[in-house]
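What follows is the residue order along each chain.
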Amino acid sequence: MREKRLIRKTLYHLLVMLFGFIMIYPVLWMISGSFKDNSEILRGTLSLIPETFKSTNYHTGWKGFGGTTFFTFFKNSLLVTTIATFGTVLSSSLVAYSFSRIKFKGRKLWFTFMLATMMLPGQVIMIPQYLIYYRLGLVPGYVPLILPYFCGQAFFIYQMMQFMQGIPRELDEAAKIDGCSKYGIYSRIILPLLKPAIVTTVIIQFYWKWDDYMGPLLYLSRPQSYTASIAIKLFADSASVTDYGAMFAMSTLSLVPVFLIFLFFNKYLVEGIGTSGLKG
């Protein structure tokens, strides 16, 4: 019995490792490609070990194009992503608190409208949004890439509402007795206990926004304002002969912020889930 259990466990871990390697192989190949020359990459070799180790790809890629270095592109991406993520956390938590804890006329109707927005594909509202921002004189610029995230995001609002259901309402009542207003309850009671949901929102939203390509493509026109996602694509088209090694090098560097965000917030996420979001 023990031998069969050991065999099953061994096979299970081997299969998990195999599928894990298959999932992560494209990323490993990209990282490996950042140290290869063009000829080796274009041969389509599947090897993860470069025949000729070419570390100069990172130096070449960092120079960027059009007189703009990739430091500028990464800085632009970090600016837009950080502000948009902050706006998402702030606005979504406020809206979730109002739907979950405050009774007001038409609450169910507005909640239904909010859920309906989750069913609309981004392609449907892309042109109307562009026309609105264009007529407001906000195109080109960063405002269309940031402003919507200060108006709440339906997915994260719903997620935070579900988490708030697990926070006892007795805490709200006790805070009211102590003289807290609705905003005081939100800032002093709900927001600290919402930490796991906030961490999840930060991780997902940062990744989504950092990886956004269509938004910068629509609303940015000057190379100096490009984000990393669009710069990497244009970098591939900026010369008659594409330097794929340099492009892979910059793609590899673009993974670092997302990896660090997940690495930094992961322990708080696990801690929050382990305590069910409640301290004390």
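Everything below is about the structure shown above.
Residues numbered from 1 in each chain as written. Predicted model: local features only at pLDDT ≥ 70, side-chain atom pairs only at ≥ 80, totals over all residues. Heavy atoms only, no water.

Draft legend 1. A nonpolar patch on the surface, seen in detail. A grouping of Leu15, Leu18, Phe19, Phe21, Ile22, Ile24, Val27, Leu28, Leu48, Ile49 and Leu255 is seen on the molecular surface, where their side chains present a nonpolar patch of about 980 Å² in accessible area. Checked against the element boundaries, Leu28 lands in helix 1 (residues 2-33). Taking relative accessible area as the criterion, Leu28 reaches 31% and is therefore assigned partly exposed. (Patch = residues over 30% accessible without salt bridge, like charges linked within 9 Å, V, L, I, M, F, W, Y side chains within 5 Å. Areas by Shrake-Rupley, 256 points an atom, 1.4 Å probe, with all protein chains shown as cover. Salt bridge = Lys/Arg side-chain N within 4 Å of Asp/Glu carboxyl O. Helix = DSSP H or I, 4+ residues; strand = E, 2+ residues; numbered from the N terminus. Buried < 20%, exposed > 50% of the residue type's maximum accessible area, 1.4 Å probe, protein only.)

Draft legend 2. Local environment of the packing of helix 4 (residues 70-101) against helix 11 (residues 195-210). Axis separation between helix 4 and helix 11 bottoms out at 9 Å; the angle between their running directions is 145°. In this structure, the crossing between helix 4 and helix 11 has a hand that is right-handed. Along the contact surface, helix 4 presents Phe74, Ser77, Leu78, Val80, Thr81, Thr82, Ala84, Thr85, Thr88 and Val89, while helix 11 presents Ile198, Thr201, Val202, Gln205, Phe206, Lys209 and Trp210. Among the residues making up the contact of helix 4 with helix 11, the classes are represented as nine nonpolar, seven polar and one charged. (Axes fitted to C-alpha atoms, helices over the stretch in contact; angles between N-to-C directions. Left-handed = near helix turned anticlockwise from the far one by under 90°. Contact = heavy atoms within 4.5 Å. Nonpolar A, V, L, I, M, F, W, Y, C, P; charged D, E, K, R; others polar.)

Draft legend 3. Up close: the side chain of Asn76. Residue position: Asn76 is located in helix 4. Judged by relative accessible area, which is 6%, Asn76 ranks as buried. Excluding residues within four positions of it along the chain, Asn76 makes contact with Tyr142, Gln224, Ser225, Tyr226 and Thr227.

Draft legend 4. Molecular detail of the side chain of Thr201. By the secondary structure assignment, Thr201 is in helix 11. Residue Thr201 is classed as buried on the basis of its relative accessible area of 0%.

Draft legend 5. Looking closely at the packing of aromatic side chains. In the structure shown here, the tally under the stated rule is 22 aromatic pairs. Ring plane angle 50° and centroid distance 5.6 Å describe the contact between Tyr97 and Tyr186, whose orientation is recorded as tilted. Here Tyr186 lies in helix 10 (residues 182-193) and Tyr97 lies in helix 4, a separation of 89 residues in the sequence. For Tyr97, a relative accessible area of 6% puts it in the buried group. Seen in terms of ring centroids, Phe206 and Trp210 are 6.0 Å apart; in terms of plane orientation they differ by 10°. Their pairing is stacked. With Phe206 and Trp210 both in helix 11, this residue pair falls four residues apart, about one helical turn. Comparing Phe206 with Trp210, the two get one shared label, buried. Among the aromatic residues, ring-to-ring pairing joins Trp62, Phe65, Phe70, Phe73, Phe74, Phe206 and Trp210 into one connected group. (Phe/Tyr/Trp six-rings, centres within 6.5 Å; stacked < 30°, edge-to-face > 60°.)

Draft legend 6. Seen up close, the environment of Thr117. With respect to the secondary-structure elements, Thr117 resides in helix 5 (residues 107-117). For Thr117, a relative accessible area of 45% translates into the label partly exposed. Each C-alpha atom, one on Thr117 and one on Ala154, is 7.0 Å from the other, the two residues being 37 residues apart in sequence.

Draft legend 7. Expanded view of the environment of Val258. The residue Val258 is located in helix 14 (residues 244-274) in this model. Expressed as a C-alpha distance, the spacing of Val258 and Asp211, which sit 47 residues apart in the sequence, is 9.3 Å.

Draft legend 8. Spatial organisation of the environment of Val199. Mapped onto the elements of the fold, Val199 is located in helix 11. Taking the C-alpha atoms as reference, Val199 lies 34 Å from Leu48; in sequence the two are 151 residues apart.

Draft legend 9. Molecular detail of the nonpolar core. Residues Phe70, Tyr97 and Met250 are the most contacted members of the largest nonpolar core, which totals 53 residues. Of all the secondary-structure elements, those providing two or more residues to this core are helix 1, helix 4, helix 7 (143-146), helix 8 (154-164), helix 10, helix 11, helix 13 (228-237) and helix 14. With eight residues, helix 4 is the largest single contributor of residues to this core. With residues near it in sequence (within four places) discarded, Tyr97 still touches Ile102, Met164, Lys182, Ile185, Tyr186 and Ile190. (Core = buried A, V, L, I, M, F, W, Y, C linked by side-chain atoms within 4.5 Å.)

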